[in-house]
Amino acid sequence: MSRRAWILGSAGVALLVASVCVAVTIGPSDVGPRSVLSLAWSRALGGESGLTRIQEGIVWNLRLPRTLLAAACGAGLAVCGVILQSLLRNPLADPFVLGVSSGASTGAVSIVVLGVGAGAVSLATGAFVGAIGAFLLVLALAAAAGGTTDRVVLAGVAATQLFSALTSFIVFTAADAEQTRGVLFWLLGSLGSATWTDVAVVGSTVLVAVVACLLLASTLDAFAFGQDSAATLGVDVARARIALLVITALTTAVIVSTSGAIGFVGLVLPHVARAMVGVNHRRMLPLAAISGAVFLVWVDTAARTVIDPQELPVGVATALLGVPAFALVLLRRRSRA
């Protein structure tokens, strides 16, 4: 790894830690970054934190798990975006555009509203099945249309619309008024119900995904030259594609099952990382994960505070910021062309 990548990575980790500490302090309760660190220290090693019981509850049970979940989701979505953009050699590819998020949403809503599986199937399992089903549909449509990367994106748009319509149909025909409000807010992206269990599940999933992708970094580099070139370089194209798509689908499903559909993170942040360290995936993947984590931490912080006492769905906030950011990416690519 180059010296520039090490410097950017170290600075990114420091920024992420600082962002988490500061974001947790933002809100009605007056708690400073030092108090947050003191609380974390006391929870880890025992002792007194110096905070009141109410302040400890607000920080430890509400803000900290929510902020850490935002970081984990942002990192996971950014890594998924890197994988899909590399596999498909298309700068528009991400889990949201390719229908994986919509399929996961349909699977999760089927569990919540319809009770599919009668309690034997978990929310994450339903979301995973929906994500896999959506992506298999995308691949089938794309193969039938010629198999080019442009056809994959077009098939993804169609799958997104299909599964979004199915989700809406399930909600409006089978959910009561209270379920409808909760599910629709969740589908727009919400981290308000974050728990330490969610943090553990999403964090461990994203960590495994990042490590697996780093192990496959040379394979992703080979895919940048096309499938034929990758095969010439000794890559088992079919096996590598299946492995990477399963990693993407699983990571997206777990994220969607806890936070809802959050778009534009996986679309924009890979471009940011690529602009900073180039196309080498061993350097780009960690930086994309860190950038996604920092980005979503601050977007979620803004979402829960800008219209206080109400809360803006985090998926709406990422879209409001992501569209202008992606427009800048497109303009920059055009100026280089």
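Presented here is a report on the structure given in the accompanying data block. Please read all numbers here as calculations on a predicted model, not as lab measurements.

**A closer look at the overall build of the protein chain**
Helices and strands together make up the secondary structure of the protein chain, namely 14 helices and zero strands. In sequence order, the protein chain lays out its α and β elements as α-α-α-α-α-α-α-α-α-α-α-α-α-α. Taking 2.2 N^0.38 as the reference for a compact globule, 337 residues should give roughly 20 Å; the C-alpha atoms of the protein chain span a radius of gyration of 20 Å, in line with that estimate. If you line up the protein chain on its principal axes, its C-alpha atoms span 65 × 55 × 40 Å. Here the protein chain, with 337 residues, has 48% of them falling under the buried criterion. Contacts in the protein chain between residues far apart in sequence, at least 24 positions, make up 75% of those at least 6 positions apart. For the protein chain, the computed accessible surface area is about 15,700 Å², with 67% contributed by carbon and sulfur atoms.

**Quick notes on unusual backbone geometry**
Its identity is not glycine, yet F264 carries a phi of approximately 75°, on the positive side. With respect to the helices and strands, F264 occurs in the loop between α11 (237-259) and α12 (265-277).

**Comments concerning the pattern of salt bridges**
One pass over the full model with this rule turns up three salt bridges. Its salt-bridge partner being E311, residue R66 comes within 2.9 Å of it at the nearest N-O pair. Of this pair, R66 sits in helix α3 (residues 53-88) while E311 sits in the loop between α13 (281-303) and α14 (314-336), and the two are 245 residues apart along the sequence. Overall, R66 belongs to the buried group, its relative accessible area being 8%. Here the salt bridges do not stand alone but share partners, grouping R66, D300 and E311 into one network.

**Comments concerning the state of the cysteines**
The tally for this structure, following the rule as stated, stands at zero disulfides. Here C73 stays free of any disulfide, with the sulfur of C80 as its closest cysteine sulfur at 11 Å. With no disulfide partner, C80 has as its closest neighbouring cysteine sulfur the one in C213, 7.6 Å distant. Take C80: its relative accessible area is 1%, and that puts it in the buried class.

**So, a nonpolar patch on the surface**
Judged by side-chain polarity, L207, V211 and L215 come together as a nonpolar surface patch covering roughly 320 Å² of accessible area. Mapped onto the elements of the fold, L215 is located in helix α8 (residues 196-215).

**A closer look at helix α1 (residues 3-25)**
Over its 23 residues, α1 runs 34 Å from end to end, which matches the ideal 33 Å to within 8%, given 1.5 Å per residue. Among all positions of α1, only A5, G9, G12, S19, V20, C21, A23, V24 and T25 are buried. Residue G27 follows α1 closely and has a positive phi angle near 150°.

**Let's talk about the packing of aromatic side chains**
If you walk through the whole model with that rule in mind, you get one aromatic pair. When the ring of W60 is compared with that of W196, the centres are 4.8 Å apart and the planes differ by 35°; the resulting orientation is tilted. Residue W60 is located in helix α3, and its partner W196 is located in helix α8; the two are separated by 136 residues in the primary sequence.

**Digging into α8**
A rise of 1.5 Å per residue sets the reference length of α8, with its 20 residues, at 28 Å; its end C-alpha atoms lie 28 Å apart and thus fit the reference within 8%. Turning to α8, its buried residues are D198, V199, V202, T205, V206, A209, V210 and C213. Taken end-on, α8 shows its buried residues confined to a sector of 150°, consistent with a single buried face. Facing away from the buried surface of α8 by more than 90 degrees, the exposed residues are T197, L207, V208 and L215. On its buried face, α8 sits against α3, α9 (217-223), α11 and α13.

**Regarding the nonpolar core**
In terms of nonpolar packing, the biggest core is built from 82 residues, with L98, V109, V202 and L296 touching the most fellow members. Top element by residues in this core is α3. It accounts for 14 residues. With residues near it in sequence (within four places) discarded, V109 still touches L114, T167, I170, V171, V183, W186 and L187.

**So, the environment of T167**
With respect to the element layout, T167 can be found in helix α6 (residues 149-174). Considered as a pair, T167 and L184 are 17 residues apart in the sequence and their alpha carbons are 9.6 Å apart. Ignoring sequence-local partners within four residues, the contact set of T167 consists of S102, S105, T106, V109 and L187. At 2.8 Å, the side chain of T167 forms a polar contact with the backbone oxygen of F163.

Thresholds applied
- Residues numbered from 1 in each chain as written.
- Predicted model: local features only at pLDDT ≥ 70, side-chain atom pairs only at ≥ 80, totals over all residues.
- Heavy atoms only, no water.
- Helix = DSSP H or I, 4+ residues; strand = E, 2+ residues; numbered from the N terminus.
- Rg over C-alpha atoms; globule rule 2.2 N^0.38 Å.
- Buried < 20%, exposed > 50% of the residue type's maximum accessible area, 1.4 Å probe, protein only.
- Contact = heavy atoms within 4.5 Å.
- Areas by Shrake-Rupley, 256 points an atom, 1.4 Å probe, with all protein chains shown as cover.
- Salt bridge = Lys/Arg side-chain N within 4 Å of Asp/Glu carboxyl O.
- Disulfide = S-S within 2.5 Å.
- Patch = residues over 30% accessible without salt bridge, like charges linked within 9 Å, V, L, I, M, F, W, Y side chains within 5 Å.
- Expected span 1.5 Å × (residues − 1).
- Phe/Tyr/Trp six-rings, centres within 6.5 Å; stacked < 30°, edge-to-face > 60°.
- Arc of directions from axis to C-beta.
- Core = buried A, V, L, I, M, F, W, Y, C linked by side-chain atoms within 4.5 Å.
- Polar contact = N/O pair within 3.5 Å; in protein donor to acceptor, adjacent residues only side chain to side chain.

Purely geometric numbers; function is a separate question.
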